[in-house]
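Listed below, chain by chain, are the residues.
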Amino acid sequence: MRKSYYGRIAMNYEVIDFKTVSVNYKLDTGIGSELGLRAESRVSVKTPDEWCGYVYLYLNTKIHDENDTYFVFDITTETVIKIPDEISEMSEELMQELIPLAQQRSYAAIRDMSLAMGINELDLSK
């Protein structure tokens with residue numbers, strides 16, 4: 001649970017579920033030098049047709065070399081967050097409040113997957 005401030009009211013948001021929706025990667029271990037990598041992220045949000053206090057945040061993160069030649073790690077995660085009853089609709093301000101929750105979980109998943117792959121740790125939380 002995370003306490004945040006939506007407007008001027010303290011709110012508690014609870015992560016209900018987290019999962020990896022898709023992951024694609026390309027890893028050429030034959031390269032004999034260090035690669036310069038960059039990370040790009042996009043976020044989208046989905047709410048049920050009838051507001052029920054749950055928000056689904058989809059975070060797509062792509063880590064890759066300049067031309068996607070030797071290294072590409074592209075992951076999309078879904079974070080389900082319970083919103084306090086005081087909030088009755090989704091807004092841009094609320095989405096901005098929730099993004100760090102999705103990032104925290106996604107970045108931990110990326111770090112764990114990179115370690116499991118036997119490559120250098122990809123830690124985006126720094």
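Placed above this text is the structure.
This section reports on the structure supplied with the text. (Residues numbered from 1 in each chain as written. Predicted model: local features only at pLDDT ≥ 70, side-chain atom pairs only at ≥ 80, totals over all residues. Heavy atoms only, no water.)

The next thing to look at is the layout of surface pockets. Within this model, the largest pocket holds a volume of roughly 430 Å³. Considering the residues around the largest pocket, the lining is formed by 19 residues, among which Leu 35, Leu 37, Phe 71, Asn 120 and Leu 122 are closest to the centre. Here the lining of the largest pocket is composed, by residue class, of eleven nonpolar, three polar and five charged. (1 Å grid on protein atoms, 1.4 Å probe; cavity = no way out; pocket = protein on both sides within 12 Å on 5 of 7 lines; lining within 4 Å. Points joined across faces, edges and corners; volume = space filled by probe spheres on them. Nonpolar A, V, L, I, M, F, W, Y, C, P; charged D, E, K, R; others polar.)

So, on to the side chain of Ser 114. Note on placement: Ser 114 falls in helix H1 (residues 92-116). Accessibility expressed as a relative area gives 0% for Ser 114, which makes it buried. Ignoring anything within four residues of it in the chain, the contact list for Ser 114 reads Ile 119, Asn 120, Glu 121 and Leu 122. (Helix = DSSP H or I, 4+ residues; strand = E, 2+ residues; numbered from the N terminus. Buried < 20%, exposed > 50% of the residue type's maximum accessible area, 1.4 Å probe, protein only. Contact = heavy atoms within 4.5 Å.)

Next up on the list: the pairing of strand S5 (residues 71-82). Buried residues dominate S5, accounting for eleven of its twelve residues. Direction of pairing for strand S4 (residues 54-64) relative to S5: antiparallel, over a ladder of eleven bridges. Counted as the bridge partner of Val 55 is Ile 81 from S5. (Pairing = 2+ DSSP bridges.)

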